[in-house]
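# Structural overview for review
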Amino acid sequence: MSTEASSDQARHGALAGLIATFVEQGHPPQYAQVMATSIIFQTDLDLRNAQMSRLLNWLKQENESIYTSALKVVENTREEFERRVQQG
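Here is what the cut-offs are and how they apply
Residues numbered from 1 in each chain as written. Predicted model: local features only at pLDDT ≥ 70, side-chain atom pairs only at ≥ 80, totals over all residues. Heavy atoms only, no water. Axes fitted to C-alpha atoms, helices over the stretch in contact; angles between N-to-C directions. Helix = DSSP H or I, 4+ residues; strand = E, 2+ residues; numbered from the N terminus. Left-handed = near helix turned anticlockwise from the far one by under 90°. Contact = heavy atoms within 4.5 Å. Nonpolar A, V, L, I, M, F, W, Y, C, P; charged D, E, K, R; others polar. Expected span 1.5 Å × (residues − 1). Buried < 20%, exposed > 50% of the residue type's maximum accessible area, 1.4 Å probe, protein only. Salt bridge = Lys/Arg side-chain N within 4 Å of Asp/Glu carboxyl O.

### Re the packing of helix 2 (residues 29-62) against helix 3 (residues 64-87)
The geometry of helix 2 relative to helix 3 is characterised by a closest axis approach of 6 Å and an angle of 150° between their N-to-C directions. Considering the relative orientation of helix 2 and helix 3, their crossing is left-handed. Side by side, helix 2 and helix 3 meet where M52, L56, L59, K60 and E62 of the first sit next to E64, I66, Y67, A70, L71 and V74 of the second. Classifying every residue of the contact of helix 2 with helix 3 by side-chain character gives eight nonpolar, no polar and three charged.

Structure, rendered in structure tokens:
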């Protein structure tokens, strides 16, 4: 099984577990699903940020010239994303 498929299964399992927990706590199922989805989404963003940070730190220690280029790519991506969000 691929890492991506395994990751998807883990997300689906976590989502189902969170929904069930919120429903058990008395939240309506539709709200429980939204709450659980937002938690999974935020956790995924936190993981991606940690991965990016670790990768950039590793590049900084191992290869300064690539690190500088990588920071430029990250910054350009942020600027492009912000531009697209502003444009709608």
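### Section: helix 2
Look at helix 2: 49 Å from first C-alpha to last across 34 residues, which is about the 50 Å you get at 1.5 Å a residue. Among all positions in helix 2, only A32, A36, I40, L56 and L59 are buried.

### Quick notes on the pattern of salt bridges
Overall, the coordinates contain seven salt bridges when judged by the stated rule. The shortest N-O distance in the salt bridge between E80 and R84 comes to 3.6 Å. Residue E80 and its partner R84 are located together in helix 3, separated by four residues, close to a single helical turn. One continuous salt-bridge network, built from bridges that share partners, spans D8, R11, D44 and R48.

### Focus: the environment of I66
Looking at the secondary structure, you find I66 in helix 3. With relative accessibility at 42%, the residue I66 sits in the partly exposed group.

### Overview of the environment of V74
Turning to its location among the elements, V74 is positioned in helix 3. We classify V74 as partly exposed; its relative accessible area is 32%. In this view, V74 contacts M52 and L56; residues no more than four positions away in its chain are not counted.

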